[in-house]
Amino acid sequence: VSREEAEPRVTELGEHAARLANDLPGDLRRLRLKADGEATELEVEWHGPPAQGAAHAAAPPPVVVQPTLTHPAVAAADPATVPAAEAQQPPADVGPEPEPSTEDDRTMVEAPMVGTFYRAPEPGADPFVEVGDEVEPDTVIGIVEAMKLMNPVTAEARGRIVEILAANAEPVEYGQPLVALSTSDIAAGA
Amino acid sequence: VISKVLIANRGEIALRVARACRELGLRTVAVHSTADADSAVVSQADEAVCIGPPPGKHSYGNPAAIIEAARITGADAVHPGYGFLSEDPDFVQICEQNGLTFIGPRPEVMAVLSDKASARAIMREAGLPLLPGSLHTPSSVTEAHQLANEIGYPVIVKAAAGGGGRGMAVVRDSDDFPAAYRETRAAAQAVFGDGRVYVERYLEPARHVEVQLLCDEHGNGVHFGTRDCSVQRRQQKLIEEAPAPGISPGALAEMAESALRGALAAGFTGAGTAEFVVGEDESYYFMEVNNRIQVEHPVTEMVTGVDLVQEQLRIAGGEPLRWRQEDIELRGVAIECRINAEDPDREFAPTPGALDEFALPGGPFTRVESAAQPGHRIPPHYDPLLAKVVVWAPSREAARQRMARALEECDVAGPGVKTTIPFLERVLADPRFRHGRHSTALVDQVLATGPAEPGPQEGGNR
């Protein structure tokens, strides 16, 4: 690969890395770009969002983001939130019909991607949220695992959880409602 | 062995694949964006999974979403259709790593053949004629310019990673070369994320002829004759036919045999096409390989009686080909017209919108491939193909007349919706097309004669 050919690719990779760094939920720990012959590689390590459980001794393994897998939300949470394999269950029915909300103040938090929904950071741990909990826009309400990456799902609105719509370890489609929020009884307090 | 196929595509080709699977007794999983939730393939498939928002990049072009959809539904194979991820060797590899059979060639073969520069090199090895040009991508403007001067003008600058007619420029004068080269590089980088381009002689007038191939995983291969795709506008095909007209059977056979030889030499498996340009003197030159089923595959099916999509599934399941070359017989002539939601009077601009009327032709030897339905909206996010109308007849002239009749039966209307039908009718009636003596310049020649039906445009009619 000539210098002239490699340069735009490295530049592009750099831009991509910058974008990733902005999107990741925690502080960046390390970022490595590699252009080797035809292949380009971008390696990112970062700290997850503020720890929600026990401290973990082992350093999180690096997540390698291949250039082909750029757009989906590859941003994963801290590996501490990775549920163990035992949480896997046979897929239930795909694509349950969401119940249309008749109440104006009900907001659905939807799955941002296809994958497996987890309500808790790890098997046996308390769920991120329960009915009645008050949430802020950045409150994590669950995780969708896709391609072995854990994607935290945030509420995106202030409100109170009124219904949990997807079960733990359930396969979910893109856009499938995961929890329902009521935004009205919290608005006054804002 | 395959039992459940995830169809990683949309529109008519998704439906086409679903039908082939059902006929073979395979279960199907449709994936769809939120814009296609009520599409025909979603209702026909055994299962359906919503994989993302409307933009293709985030749904049909998103490997993670497709792999996850396969995992949660238990699909064991992925049919990529055409476009989207169909020629992405990385996606093929991701499928393999996740235990899915990709219905197409091996990733390393696809990587070599989908790159126009390396495909040229491997085909030259196999003895296929190439237009004078670079075997490798030049490393600087100066080197490329020097090469172009040696080749002689006009030349064409093409993106190595290009496809679908994008990322290329014809240069007729040496002075214009550096600018065109830089622009094509920049466009290739922006569109394909790969700025490599190569340079070759631009042949004109020329015909676009391609050879349909099937190769199994046991080293056997068969070709199914030729298709002519010369009726194209800016590399977008409008009318295709099989076999290619106006070229001697000897030249066509030679082209087809050399294409098969090249594909087997490259280790190709599955259904693919080798594209050639053919000069007025019947000299032919290899252009590129398509590693997938093509939009225009039905014309070959109509003259051979072979269901190419079913054969793709059989090959991916490890079955050997069921024919030797001498078993393949071409009968009659088939023509396909692509009915696009585009306005021929406005540079073929897409015209998405609601389909109030949508009636497609029927009748003898008339086949329609379409996923559109009356009352549906044409989403603005995808290619504007509404329907493929395919006819067969014993002779080319009879097929041409049958197509004209079939197009007359079409009734497509909606607010703001225009289609290519009136333009297709003009091409069918053009004497150059009627006599099979047209070149890739035909569309521009027909456009230059002005619209056949002048007068105020009526909104919503065709």
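Conventions adopted
- Residues numbered from 1 in each chain as written.
- Chains lettered and ligands numbered in written order.
- Predicted model: local features only at pLDDT ≥ 70, side-chain atom pairs only at ≥ 80, totals over all residues.
- Heavy atoms only, no water.
- Axes fitted to C-alpha atoms, helices over the stretch in contact; angles between N-to-C directions.
- Helix = DSSP H or I, 4+ residues; strand = E, 2+ residues; numbered from the N terminus.
- Parallel < 35°, antiparallel > 145°, perpendicular 65-115°, else oblique.
- Left-handed = near helix turned anticlockwise from the far one by under 90°.
- Contact = heavy atoms within 4.5 Å.
- Phe/Tyr/Trp six-rings, centres within 6.5 Å; stacked < 30°, edge-to-face > 60°.
- Buried < 20%, exposed > 50% of the residue type's maximum accessible area, 1.4 Å probe, protein only.
- Pairing = 2+ DSSP bridges.
- Arc of directions from axis to C-beta.

This part covers the packing of helix α3 (residues 63-73) of chain B against helix α4 (residues 89-97) of chain B. Residue and element names in this part refer to chain B. Here α3 crosses α4 at 25 degrees, and the two axes come no closer than 11 Å. By the angle between their directions, the pair α3 and α4 is classed as roughly parallel. Of the two elements, α3 crosses α4, and the hand of that crossing is right-handed. Of the residues in α4, those touching α3 at Pro63, Ile66 and Ile67 are Phe91, Ile94 and Cys95.

With that settled, the discussion passes to the packing of aromatic side chains. All names here are of chain B. A complete count under the given rule lists nine aromatic pairs over all chains for this structure. Taken together, a centroid distance of 5.7 Å and an interplanar angle of 75 degrees make the contact between Tyr60 and Tyr382 edge-to-face. Remark: Tyr382 occurs in the loop between β20 (377-378) and β21 (385-393) and Tyr60 occurs in the loop between β3 (47-52) and α3; sequence separation between them is 322 residues. For the pair Tyr60 and Tyr382, a shared accessibility class is recorded, and that class is buried.

On to the pairing of strand β13 (residues 284-290) of chain B. Residue and element names in this part refer to chain B. Within β13, seven of the seven residues are buried, leaving the element largely enclosed by the surrounding structure. The sheet contact formed by strand β12 (residues 270-278) and β13 spans six bridges and is antiparallel. Along β13, the bridge assignment pairs Ala274 with Val289. Hairpin remark: β12 followed by β13, antiparallel, with five residues in the connecting loop; positive phi at Glu282, about 70 degrees.

This next bit is on helix α6 (residues 116-125) of chain B. Residues and elements named next belong to chain B. Buried residues of α6: Lys116, Ala117, Ala119, Arg120 and Met123, and no others. Buried residues of α6 fall within an arc of 165 degrees about the axis and therefore sit on the same side. With its phi angle positive at about 90 degrees, Gly127 sits one or two positions after the end of α6.

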